[in-house]
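Spelled out from the first residue to the last, the chains are:
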Amino acid sequence: MGSPRQDVTKALSNNTHEKWWKDPGMRRLNFMIVCVITAQMTCGYDEAVVGNFQAMKPWLREFPDIFVSTNYHLTSGTPSNHHPDMSYPDASHIGLITTIIFVGGFIGSFPASPIADLYGRKAAMYIGSIFTLVGTIIQTSAFGYAQFMVGRCLLGVGISFTCVAGPSMVAELAHPRQRGTVLGFFNTFWYVGAIVAAWGSFGSGHLTTSSWSWRIPSLIQGVAPNFLIVMLPFMPESPRFLLAKGREQEARKVLAEFHANGSMDDELVLHEIEEINLALAIENQYREVGWSVLWNTDANRKKMAIAISSFILCLWCGQGVISYYFSPLLTSLNIKSTNQQTGINGGMQIWNFLISILGACLADKIGRRSLWLLSLFSMLSSNIGITVTSALFAKTPNNATAYTAVVFLFLYNAGFNVACNPLAYSYPTEILPYSMRTKGLSVMVAIGQALLIVSQYANPVAIENIGWKYWIFFMGMLILFIAMVWFTYPETKGLTLEELAGLFEEGGMGSAVVGIEKMDGLEIEGVGERDVEKGIVEVGVEKKEKL
């Protein structure tokens, strides 16, 4: 799909230190970005803590109506016709508990985009954090199945808002030379939440007779959204959003403060403003297009196809089976004690986090395409290993085979996290131009949530019924994804967000045309001869007299 271009912003003078940690403006900027990224901790925390709940007897006792009766009393260990056996969860109900958060995510994904575009990225982050905090309170205080499910649904609504507005805000605030790395870090904080959940549950799990064994981990889930609500008033708004609303002085001040230590006439800052204004000027010709901007041209359809397919890749590569049902998988391998399971899960989350950090750092060094392919080939190799060892264990159970399978689970996660974690949100955010960004992310999140509802409800049923053969399905998916990335995914390394807007356009990469077809006679306010001569815009250069 072509080699990466040289980043033109590196040739511009910029009032910053080449090492960001020695530059006061970039230190403040990166701290603000970290604050935004903490929103993703809630997502990782939830998906890890629900698996840990399944290993806690007080949680199982709290919701007896969701488990299958096997005429066995949990606490006394004697047969009973009156108390359901909580240690044998019904796969269907476990699927419902897991997927209800995706139902909320699907619902919340649609209003997230118009709110982020009309009222700002900060407003959407506020709303998402409030929903998440309220959902946490309801879930933690639950004394019944219905209340627990309502809390989890509201958590999903909040998470969808932050997943739409968060990556957009990070990409639009980041310094050009750091965008690929810091945007990749957005999803790595998924594992910060997962690590806290795993080890918090490990500690509270020893409260074997108290409901606080699961209420404490649930309550901790509210820390990240509460922190974000406190910090948002001190954060800058996206300069692209400000320019889109005609607030140029505010946008210039934000860019100058965080990209040039307050220098209003900095060459990079002036270039950024000029480039963003140019892109917005082109978009304004089609302001009334609305959501149809996602499919009204061949170029836009290709961008959306890549954005959606990359998210499907991350969801249906097989790693989700490990993330959501690690406890049942370990049980199937004869690793059953609570201490063993929570300890291995805690170690797994730390391993995942370290590999995802590595992947985020590699994004700007080796490029996105190389990272995708490294990830997919690694997962395919691990998938084969898991399939073989699981099949052997099913035939002849023994500890050596079981622990070998666990090693392959760790390797599978390593392959996943080197690219699928950092690029899951960063790559689509780069591919989609401003006019499509939040809308495209909303559709991507909605489709993702819908697929998760299906796959995560089906996963425990599939594991229960076909066991290790389920991995063969994901083996086929990985082969399909390798071909998809190899033949269709473009490289985004070395290009600004506005340059990336020209992907698949007639002028190719480097064009600032933002999601519209080139049309004869197009007049663009605010675009002059100097813009064309500098090569900033390629709207039919041969028709330059029409600009």
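Residues numbered from 1 in each chain as written. Predicted model: local features only at pLDDT ≥ 70, side-chain atom pairs only at ≥ 80, totals over all residues. Heavy atoms only, no water.

Glancing now at the overall build of the chain. From N to C terminus, the chain includes 23 helices and zero strands. Expressed as a percentage of the 547 residues in the chain, the buried residues total 58%. Residue pairs in contact within the chain that sit at least 24 positions apart in sequence constitute 78% of those at least 6 positions apart. For the chain, the exposed area adds up to about 21,100 Å²; of that, 64% sits on carbon and sulfur atoms. (Helix = DSSP H or I, 4+ residues; strand = E, 2+ residues; numbered from the N terminus. Buried < 20%, exposed > 50% of the residue type's maximum accessible area, 1.4 Å probe, protein only. Contact = heavy atoms within 4.5 Å. Areas by Shrake-Rupley, 256 points an atom, 1.4 Å probe, with all protein chains shown as cover.)

Before going further, it helps to examine helix H1 (residues 24-37). In an α-helix, one full turn covers 3.6 residues, which means residues spaced three or four apart are oriented alike. When the terminal C-alpha atoms of H1 are compared, their 20 Å separation across 14 residues agrees well with the 20 Å that a helix rising 1.5 Å per residue should span. Among all positions of H1, only Gly 25, Met 26, Leu 29, Asn 30, Met 32, Ile 33, Cys 35, Val 36 and Ile 37 are buried. The residue sitting at the N-terminus of H1 and contributing the capping side-chain oxygen is Asp 23; that oxygen lies 3.2 Å from the backbone nitrogen of Gly 25. (Expected span 1.5 Å × (residues − 1). Polar contact = N/O pair within 3.5 Å; in protein donor to acceptor, adjacent residues only side chain to side chain.)

Positionally, Ser 160 belongs in helix H6 (residues 145-173). Among the residues examined, Ser 160 registers a relative accessible area of 1% and is labelled buried. A sequence separation of 35 residues divides Ser 160 from Met 125, and the C-alpha atoms of the two residues are 9.9 Å apart. Sequence-distant contacts of Ser 160, that is, excluding residues within four places in its chain, are made with Gly 104, Gly 105, Gly 108, Ser 109, Ala 112 and Val 445.

Right, let's get into unusual backbone geometry. The residue Asn 261 is not glycine, and still its phi comes out positive at about 55°. Along the chain, Asn 261 falls in the loop between helix H11 (248-259) and helix H12 (267-284). Residue Asn 261 is classed as partly exposed on the basis of its relative accessible area of 28%.

Counted according to the given criterion, the structure contains eleven salt bridges. Taking the shortest distance from any N to any O, the salt bridge between Asp 46 and Arg 152 comes out at 2.6 Å. Here the residue Asp 46 occupies a position in helix H2 (residues 39-53), and Arg 152 occupies one in helix H6, the gap between them amounting to 106 residues. Judged by its relative accessible area of 1%, Asp 46 is buried. Between Arg 437 and Glu 172 there is a salt bridge, with the nearest N and O atoms lying 2.9 Å from each other. Taken as a pair, Arg 437 in helix H20 (residues 434-466) and Glu 172 in helix H6 lie far apart in primary sequence, 265 residues in all. A residue is classified by how much of its surface remains accessible, and Arg 437, at 1% relative accessible area, is buried. For Glu 172, a relative accessible area of 0% corresponds to the buried category. (Salt bridge = Lys/Arg side-chain N within 4 Å of Asp/Glu carboxyl O.)

With that settled, consider the nonpolar core. Ranked by size, the top nonpolar core spans 116 residues in total, and within it Met 235, Leu 313 and Trp 372 carry the most contacts. For this core, the leading source of residues is H6, giving 15 residues. Setting aside residues up to four positions removed in sequence, Met 235 forms contacts with Met 32, Cys 35, Val 36, Lys 122, Met 169 and Leu 228. Leu 294, Met 304, Leu 432 and Val 443 belong to the second-largest nonpolar core, a separate cluster that totals eight residues. (Core = buried A, V, L, I, M, F, W, Y, C linked by side-chain atoms within 4.5 Å.)

A few words on the packing of aromatic side chains. One pair of aromatic rings is described through two measures. These are the centre distance and the angle between the planes. The final tally for this structure, using the stated rule, is 16 aromatic pairs. For the pair Trp 372 and Tyr 489, a centre-to-centre distance of 6.0 Å together with 80° between the ring planes defines the contact as edge-to-face. Of this pair, Trp 372 sits in helix H17 (residues 368-395) while Tyr 489 sits in the loop between helix H21 (470-488) and helix H22 (497-500); the two residues are 117 residues apart in sequence, bridging distant segments of the chain. Each member of the pair, Trp 372 together with Tyr 489, is buried. (Phe/Tyr/Trp six-rings, centres within 6.5 Å; stacked < 30°, edge-to-face > 60°.)

A few words on the confidence of the model for the chain. Parts of the model with low pLDDT should not have their predicted coordinates read in detail. Across the chain, the average pLDDT comes to 80, with 80% of residues at or above 70. Across residues 67-89, confidence stays below pLDDT 50; counting only partners more than four residues off in sequence or on other chains, it has 41 contacts. (pLDDT = per-residue confidence, 0-100.)

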